[in-house]
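Okay, here's what each chain looks like letter by letter:
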Amino acid sequence: KFVSIILSLSTALVTSLVSLSPSAISSHDLFLNQLGNLFKVVEMPDERGTTVLEAPVDQDGVQLYIAIDSASFQEKARPGNGGIRLLNYKNPDEAIADAVRLAKGMTRKHDMFRTGFSGAKAVVNSQHKDLNLIERESLMNDVGRA
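Residues numbered from 1 in each chain as written. Predicted model: local features only at pLDDT ≥ 70, side-chain atom pairs only at ≥ 80, totals over all residues. Heavy atoms only, no water.

1. Re the overall build of the protein chain
Logical step 1: Assigned secondary structure in the protein chain consists of 5 helices and 6 strands.
Logical step 2: From first element to last, N terminus to C terminus, the protein chain shows the α and β order α-α-β-α-β-β-β-β-α-β-α.
Logical step 3: Considering only residue pairs separated by 6 or more positions, the protein chain has 66% of its internal contacts joining residues 24 or more positions apart. (Helix = DSSP H or I, 4+ residues; strand = E, 2+ residues; numbered from the N terminus. Contact = heavy atoms within 4.5 Å.)

2. Some points on the side chain of D98
Logical step 1: Within the secondary structure, D98 sits in helix α4 (residues 92-113).
Logical step 2: Overall, D98 belongs to the buried group, its relative accessible area being 10%.
Logical step 3: Only 2.5 Å separates the side chain of D98 from the side chain of Y89, close enough to count as a polar contact.
Logical step 4: Leaving out residues up to four positions away in the same chain, D98 has contacts with R85, L87 and Y89. (Buried < 20%, exposed > 50% of the residue type's maximum accessible area, 1.4 Å probe, protein only. Polar contact = N/O pair within 3.5 Å; in protein donor to acceptor, adjacent residues only side chain to side chain.)

3. Things to note about the pattern of salt bridges
Logical step 1: A complete count under the given rule lists 6 salt bridges for this structure.
Logical step 2: In this structure, D98 engages R85 in a salt bridge whose closest nitrogen and oxygen atoms are separated by 3.1 Å. Taken together, the residues D98 in helix α4 and R85 in strand β5 (residues 84-87) connect sequence positions 13 residues apart.
Logical step 3: A salt bridge links R101 to D98; the shortest N-O distance between them is 2.5 Å. Of the two residues, R101 and D98 both sit in helix α4, 3 residues apart, roughly one turn of that helix.
Logical step 4: Owing to a relative accessible area of 48%, R101 belongs among the partly exposed residues under this scheme. (Salt bridge = Lys/Arg side-chain N within 4 Å of Asp/Glu carboxyl O.)

4. Notes on the environment of H128
Logical step 1: Structurally, the position occupied by H128 is in the loop between β6 (118-126) and α5 (136-145).
Logical step 2: Apart from residues lying up to four places away in sequence, H128 is in contact with D60, G61, N88, L133 and I134.

5. Quick look at the confidence of the model for the protein chain
Logical step 1: Residues with a pLDDT of 70 or more make up 71% of the protein chain, whose mean pLDDT is 78.
Logical step 2: The weakest mean pLDDT in the protein chain belongs to helix α1 (residues 2-19) at 48; the strongest belongs to β5 at 95.
Logical step 3: This stretch, residues 15-28, has a pLDDT under 50; its non-local contacts, to residues over four places away or in other chains, come to 23 contacts. (pLDDT = per-residue confidence, 0-100.)

6. Overview of the nonpolar core
Logical step 1: Ranked by internal contacts, the top residues of the largest apolar core, which has 18 residues, are F39, A55, V62, L64, I66, V124 and A146.
Logical step 2: Elements supplying a minimum of two residues to this core: β2 (50-55), β3 (62-69), β6 and α5.
Logical step 3: By residue number, the principal contributor to this core is β3, which donates 4 residues.
Logical step 4: Setting aside its immediate chain neighbours within four residues, L64 contacts L53, E54, A55, V57, A122, V123, V124, D142, V143 and A146.
Logical step 5: Residues A67, A95, V100 and L102 belong to the second largest nonpolar core, which totals 11 residues. (Core = buried A, V, L, I, M, F, W, Y, C linked by side-chain atoms within 4.5 Å.)

7. Things to note about α4
Logical step 1: Its 22 residues place the ends of α4 32 Å apart at the C-alpha level, agreeing with the 32 Å of an ideal helix rising 1.5 Å per residue.
Logical step 2: Among the residues of α4, those classed as buried are A95, I96, D98, A99, V100, L102, A103, G105, M106, T107 and H110.
Logical step 3: A side-chain oxygen of the first residue of α4 lies 3.1 Å from the backbone nitrogen of D93; this N-cap is N91.
Logical step 4: Remark: R114 follows α4 within two positions and exhibits a positive phi of approximately 50°. (Expected span 1.5 Å × (residues − 1).)

In structure tokens form, the structure reads like this:
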């Protein structure tokens, strides 16, 4: 629930910034400028209908991806909402693909229950096979900052 609230706030901020000028977003650079250069855009919605951002983390061997279903973008009244998944993926592409799939699944859940939210998901890709090596409190702080 805590992470879901944080993710809702993060996606609401991104949604607000993007919706300021959706037709003007023609490049990744402009998008990054609007986000204050806080995130790296990994995937734009024209590929799979989901925007994926990589957020900075303070731990080595960990990448944080935030996938926001395009139903959230340009819709201030319908921010993205979802949770977090921590796994040891084979590679970043697999983590990103899972984030996209999970964000779209969250949209379907929200649509079914008419919550007013769209889907989003934070996926943490750990290079550590033993997930107990992850400093979870630090990771939650990273998610909160994102």
